[in-house]
There are 2 protein chains.
Amino acid sequence: MTGIVEHLLDVTSEGRRVPTVLFTPVGADGPSRLVLVGHGGGGHKRAPTVMKMAEGLAAEHGIATLAIDGPVNGDRTANDETAAQLRRDDRQAYRRRYYMEKYDEMVADWRAALDVALARSDILGGPVGYWGLSMGTRFGVPLVAAEPRIRVAVLGLFGYREGVDTNQRVYDDIGKVDVPVLFLQQLEDDEVSPGAYHELFKRIGTRDRRLHANPGRHAEVPRSELIASRLFLARKLGATSDD
Amino acid sequence: MTGIVEHLLDVTSEGRRVPTVLFTPVGADGPSRLVLVGHGGGGHKRAPTVMKMAEGLAAEHGIATLAIDGPVNGDRTANDETAAQLRRDDRQAYRRRYYMEKYDEMVADWRAALDVALARSDILGGPVGYWGLSMGTRFGVPLVAAEPRIRVAVLGLFGYREGVDTNQRVYDDIGKVDVPVLFLQQLEDDEVSPGAYHELFKRIGTRDRRLHANPGRHAEVPRSELIASRLFLARKLGATSDD
């Protein structure tokens, strides 16, 4: 963890405490640009991939990283009755009601965390970027669609098939995403079919979208794509001179 | 052109003189790894994209670049009766006969150039990489399929549709390509349809293939993909520690 400093932020949203952490580059000589990193399913705000993104963004581009637990992960798990119920009961109807509820809560929680981060003197006032795969895309797409301060996003490991109504919100909202998007696909994904990837990618609401498809299963995104992600975010946030 | 030294190589293949240039990094402290760069249609061995690849490979990774004119480009144009005839007559039947002939000639010419380059003391004995888009993929695929010293390739801006028999050789040979491949696609390509891209990509004869699809028309490959190409080649040739 050389190179980053961790700050626990005090964030509340609609009465909920939002477990939030900000990682800033060591030795920054002024306010840093910011990227929001959403963890995947089973992860939390200090999951290994979140840390790799934070360390790389800081070391290579001087960019800070904001991460929250959610919606039923990390410091939120223990006291969350919904989470406990989800673990007991994973019927489709319940999951649907659950996701419908959590989409809006996660948007509100992320926006509250972003407000607190952008009020700090060590963070630039915006624009900011978003990075999140799999569950980080499920809850990231409604956020990117709703939040005008987010001007670039890396998404992926997610798809859409008609009739899977837990994903309908993602499908609807990705049509409203009009910022540059890098979308990551795994060619032998054991959770998302090629057709479902295609349906969601083509629905992105901007022409400035690009797809990186790599060999391997859902959880086997190559490390080179973390580098590509950081370069893409840095370029679009103006932190590097590459086009 | 800071950072590279140009060497004109004396190469003949089946009685043909092969206009060949080798670019080596300035100040290399030992023999360099090598990448073969095939130019696109209308280009030549010192086309701008070839030079950008050569300069970047040298500066970022200490890798040398080998380029040839071909088949009817650069220093080969003037005295090539086939080229003159092609310019006069672009009927499909003629083009077909023309490509059929040139595929094998280009493989032979590249291999002759590679023999000369690898015999030099400033070039490592192999393995080597290949980079070529559009026409560089048309003539690169048969080469990569035939040449065991090539162990990684960047290809793209090319597709396959049943019945387009000038491209049949590319379709057949890409099934024999069993080295890691990065394949580049343009999402609004005005020369290659999405379906034709898909047919060719899925035919690649290795599981270690990845696709980068970018916004823009055929000739609008973003500069960031040249960087991604160089990183991919350098990683697979062992010139960097990234995976």
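Above this text sits the structure in question.
Criteria and cut-off values
Residues numbered from 1 in each chain as written. Chains lettered and ligands numbered in written order. Predicted model: local features only at pLDDT ≥ 70, side-chain atom pairs only at ≥ 80, totals over all residues. Heavy atoms only, no water. Buried < 20%, exposed > 50% of the residue type's maximum accessible area, 1.4 Å probe, protein only. Helix = DSSP H or I, 4+ residues; strand = E, 2+ residues; numbered from the N terminus. Pairing = 2+ DSSP bridges. Lys, Arg positive; Asp, Glu negative; His and termini not counted. Salt bridge = Lys/Arg side-chain N within 4 Å of Asp/Glu carboxyl O. Polar contact = N/O pair within 3.5 Å; in protein donor to acceptor, adjacent residues only side chain to side chain. Contact = heavy atoms within 4.5 Å. Least-squares fit on C-alpha atoms with pLDDT ≥ 70 in both.

Asker: Requested: an account of the pairing of strand S4 (residues 20-25) of chain B, with residues and values cited.
Answerer: Residues and elements named next belong to chain B. Taking burial as the measure, the 6 residues of S4 include 6 buried ones, the bulk of the element. What you see with S4 is no split at all: Thr20, Leu22 and Thr24 on one side and Val21, Phe23 and Pro25 on the other are buried throughout. With 6 bridges connecting them, strand S1 (residues 4-9) and S4 associate as antiparallel partners. In the strand pairing of S4, Val5 is matched with Thr24. As judged from the 4 bridges shared by S4 and strand S6 (residues 64-68), these two strands associate in the antiparallel manner. When the sheet's bridge partners are listed, Leu22 is paired in S6 with Leu66.

Asker: Can you explain the side chain of Glu225(A)? Please cite residues and give values.
Answerer: Considering the arrangement of structural elements, one finds Glu225(A) in helix H8 (residues 223-236). There is no salt bridge for the buried Glu225(A), and the closest opposite charge comes from Arg210(B), which lies 5.9 Å off by N-O distance. A distance of 2.9 Å separates the side chain of Glu225(A) from the side chain of His212(A), its partner in a polar contact. Those residues in contact with Glu225(A), other than ones at most four positions away along the chain, are Leu184(A), His212(A), Asn214(A) and His212(B).

Asker: Give me the lowdown on the relation of the copies chain B and chain A, citing residues and values where you can.
Answerer: Once turned by 180° and shifted 0.0 Å along the axis, chain B lies on chain A with an RMSD of 0.0 Å. Taken together, the rotation angle and the small translation identify this as a two-fold axis. When C-alpha distances to the rotation axis are compared across chain B, the minimum falls at His212(B), with a value of 2.2 Å. A symmetric contact is evident, with 100% of the interface residues of chain B recurring at the interface of chain A.

Don't take any of this as a statement about function, it's just geometry.
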